[in-house]
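The chain contents come next:
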Amino acid sequence: MKCEVVRSRGGYAIVCGGRRQKQPACYRDGRPASVQCDFIVSRRTAGVATNVPVTCDRWCCTDTSCSVHVGPNRDYCRAHYDQSEKTAATSSPSGSAA
Ligand SMILES: [Zn+2]
Ligand SMILES: [Zn+2]
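Please read all numbers here as calculations on a predicted model, not as lab measurements.

K.L.:
Looking at this model, I keep getting lost on unusual backbone geometry. Mind explaining?
P.N.:
Negative phi values dominate among residues other than glycine, just as trans dominates among peptide bonds. Of note in the backbone geometry, Asp57 takes a positive phi value of approximately 65° without being a glycine. Within the element layout of this structure, Asp57 appears in the loop between β5 (48-55) and β6 (59-60). Residue classification places Asp57 among the exposed residues on the basis of 11 C-beta atoms within 10 Å. The residue Asn73 is not glycine, and still its phi comes out positive at about 60°. Topologically, Asn73 is positioned in the loop between β7 (67-71) and β8 (74-77).

Structure (structure tokens):
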């Protein structure tokens with residue numbers, strides 16, 4: 001097995017094996033992840049409004065208890081899916097009813 005020393009932030013890491021690209025792991029169960037959460041957490045960066053939404057980008061495996069497919073090319077991590085559902089449920093039309 002071939003090993004090489006890779007300089008990283010704050011030190012060195014020894015990488016062994018042929019594959020340099022590390023397979024991302026699911027945030028929940030550590031299985032090989034293949035989708036990233038597309039939940040938009042912010043449209044601002046350091047106080048500057050941008051047109052580029054900042055997404056959660058959490059890696060999830062395709063297990064339905066870890067990620068939820070919400071549309072074409074859109075997946076939410078379970079936590080954000082639950083959150084978005086709750087938000088949708090609690091958001092009442094701002095208005096006169098009381
Ligand atoms: Zn998972
Ligand atoms: Zn997320």
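K.L.:
Even after reading the chapter, I still don't get the environment of Val68, so can you show me in this structure?
P.N.:
Along the chain, the position of Val68 falls in strand β7. Note on Val68: 19 C-beta atoms within 10 Å, which makes it partly exposed. Along the backbone, Val68 and Val35 are 33 residues apart, and their C-alpha atoms lie at a distance of 9.7 Å. Aside from chain neighbours lying at most four places away, what touches Val68 is Asp75, Tyr76, Arg78 and Tyr81.

What counts as what
Per-chain numbering applies: the sequence of each chain, read as written, is numbered from 1 onward. The order in which chains are written sets their letters, starting at A; the order in which ligands are written sets their numbers, starting at 1. Given that the model is predicted, a residue must reach a pLDDT of at least 70 before its local features are reported, and side-chain atom pairs must reach 80 or more before they are shown or counted; all residues, however, enter totals for whole chains, interfaces and linings. Put simply, DSSP marks the helices as runs of H or I at least four residues long and the strands as runs of E at least two long, and each gets a number from the N terminus on. Buried residues are those with 20 or more other C-beta atoms within 10 Å of their own C-beta, exposed residues have 12 or fewer, and partly exposed residues lie in between; C-beta atoms are placed from the backbone. The contact rule is simple: place each C-beta atom from the backbone, and if two of them lie within 7 Å, those residues are in contact.

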